Structure formats: structure tokens, C-alpha cells
Amino acid sequence: MSSKMGDTKLYTSPATELNSPEYIIREVYQALKAKGYDPITQLVGYILSGDPTYITSYNQARSLIRRLERDEILEELVSVYVQKIEKERR
């Protein structure tokens, strides 16, 4: 075994991954797309207003999105966008 007995390992449970902003946004996006909505417009409407009716209930998308605070959604989206910009600069 290459790791030492005193080292701490990080365990990420599948339940944690299912509650991650990335997973939830991806699932909601796919549900909105499947129902024929413009996912970007609908997500912006939800983020600005907090009104869950902007999100379809198809595939539990509405209940998924409500697991996150709106600022968490915005933080995830800005983070991914900034990472893309940084990657393009290299």
C-alpha cells in the first residue's frame, strides 16, 4: 500500500454528488430541453425571481433545483464560465 496509515482520505458519497450544483443544473437543463423550453431563459427567470414555476416538474427538475439556493446556482455558473475563459487564455 502506498498511502500512510496517518493520511486522511476524502470520501465523497454518491448522495453528495447527486446534490452537487453541477449535477442538479445538468439534470434541470436536460429536463427543460426535453420539454421544449429554452433552458437558459427558464434558468435566468428562476434565478432572478425565485419562482419555481420557471422550472418544469418533469423528471423532478423543480424539486431538484429547489435543493440549491439561487446564489449557489449563480456561483456555479459564473465559476464554470470563468474557468472556460482561463482555459482559453492558456
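Criteria and cut-off values
- Residues numbered from 1 in each chain as written.
- Predicted model: local features only at pLDDT ≥ 70, side-chain atom pairs only at ≥ 80, totals over all residues.
- Heavy atoms only, no water.
- Helix = DSSP H or I, 4+ residues; strand = E, 2+ residues; numbered from the N terminus.
- Buried < 20%, exposed > 50% of the residue type's maximum accessible area, 1.4 Å probe, protein only.
- Contact = heavy atoms within 4.5 Å.
- Areas by Shrake-Rupley, 256 points an atom, 1.4 Å probe, with all protein chains shown as cover.
- 1 Å grid on protein atoms, 1.4 Å probe; cavity = no way out; pocket = protein on both sides within 12 Å on 5 of 7 lines; lining within 4 Å.
- Points joined across faces, edges and corners; volume = space filled by probe spheres on them.
- Nonpolar A, V, L, I, M, F, W, Y, C, P; charged D, E, K, R; others polar.
- Axes fitted to C-alpha atoms, helices over the stretch in contact; angles between N-to-C directions.
- Parallel < 35°, antiparallel > 145°, perpendicular 65-115°, else oblique.
- Left-handed = near helix turned anticlockwise from the far one by under 90°.
- Patch = residues over 30% accessible without salt bridge, like charges linked within 9 Å, V, L, I, M, F, W, Y side chains within 5 Å.
- Salt bridge = Lys/Arg side-chain N within 4 Å of Asp/Glu carboxyl O.
- Lys, Arg positive; Asp, Glu negative; His and termini not counted.
- Charge placed at Lys NZ, Arg CZ, Asp CG, Glu CD.

1. Comments concerning the overall build of the protein chain
- Each helix and strand counted, the protein chain has five helices and zero strands in total.
- Counted from the first residue to the last, the protein chain has its helices and strands arranged as α-α-α-α-α.
- For the protein chain, buried positions account for 21% of its 90 residues.
- Counting contacts in the protein chain only where the partners sit at least 6 residues apart, residues at least 24 apart contribute 42% of the total.
- Put simply, the protein chain shows about 7,200 Å² of open surface, and 51% of that area lies on carbon and sulfur atoms.

2. Comments concerning the environment of I65
- Inspection of the secondary structure puts I65 in helix α4 (residues 61-65).
- A residue is classified by how much of its surface remains accessible, and I65, at 0% relative accessible area, is buried.
- Along the primary structure I65 and I55 are separated by 10 residues, whereas in three dimensions their C-alpha atoms are 7.9 Å apart.
- Ignoring anything within four residues of it in the chain, the contact list for I65 reads I24, V28, L43, Y46, I55 and I73.

3. Some thoughts on the layout of surface pockets
- Taken as a whole, the largest pocket spans an internal volume of roughly 240 Å³.
- Among the elements that take part in the lining of the largest pocket, helix α5 (residues 70-89) stands out by supplying five residues, more than any other.
- Classifying every residue of the lining of the largest pocket by side-chain character gives five nonpolar, no polar and four charged.

4. Structural notes on the packing of helix α3 (residues 39-49) against α5
- With their axes 9 Å apart at the nearest point, α3 and α5 run at an angle of 135° to one another. The angle between α3 and α5 places the two elements in the oblique class. Every pair of crossing elements has a handedness; the one defined by α3 and α5 is left-handed. On α5, the residues that touch Y46, I47, L48 and S49 of α3 are R70, I73 and L77.
- The residue inventory of the contact of α3 with α5, partitioned by class, reads five nonpolar, one polar and one charged.

5. Let's talk about a negative patch on the surface
- There is a patch of like negative charges on the surface, built from E69, D71, E72 and E75.
- With a relative accessible area of 53%, D71 lands in the exposed category.

6. Looking at the pattern of salt bridges
- What the rule picks out here adds up to two salt bridges.
- Across the pair E22 and R26 runs a salt bridge whose closest N-O atoms are separated by 3.0 Å. You can see E22 and its partner R26 sitting in helix α2 (residues 21-34), four residues apart, about one turn around the helix.
- In this structure, E86 engages R89 in a salt bridge whose closest nitrogen and oxygen atoms are separated by 3.6 Å. Pair noted here: E86 and R89 are both in helix α5, with a separation of three residues, about one helical turn.

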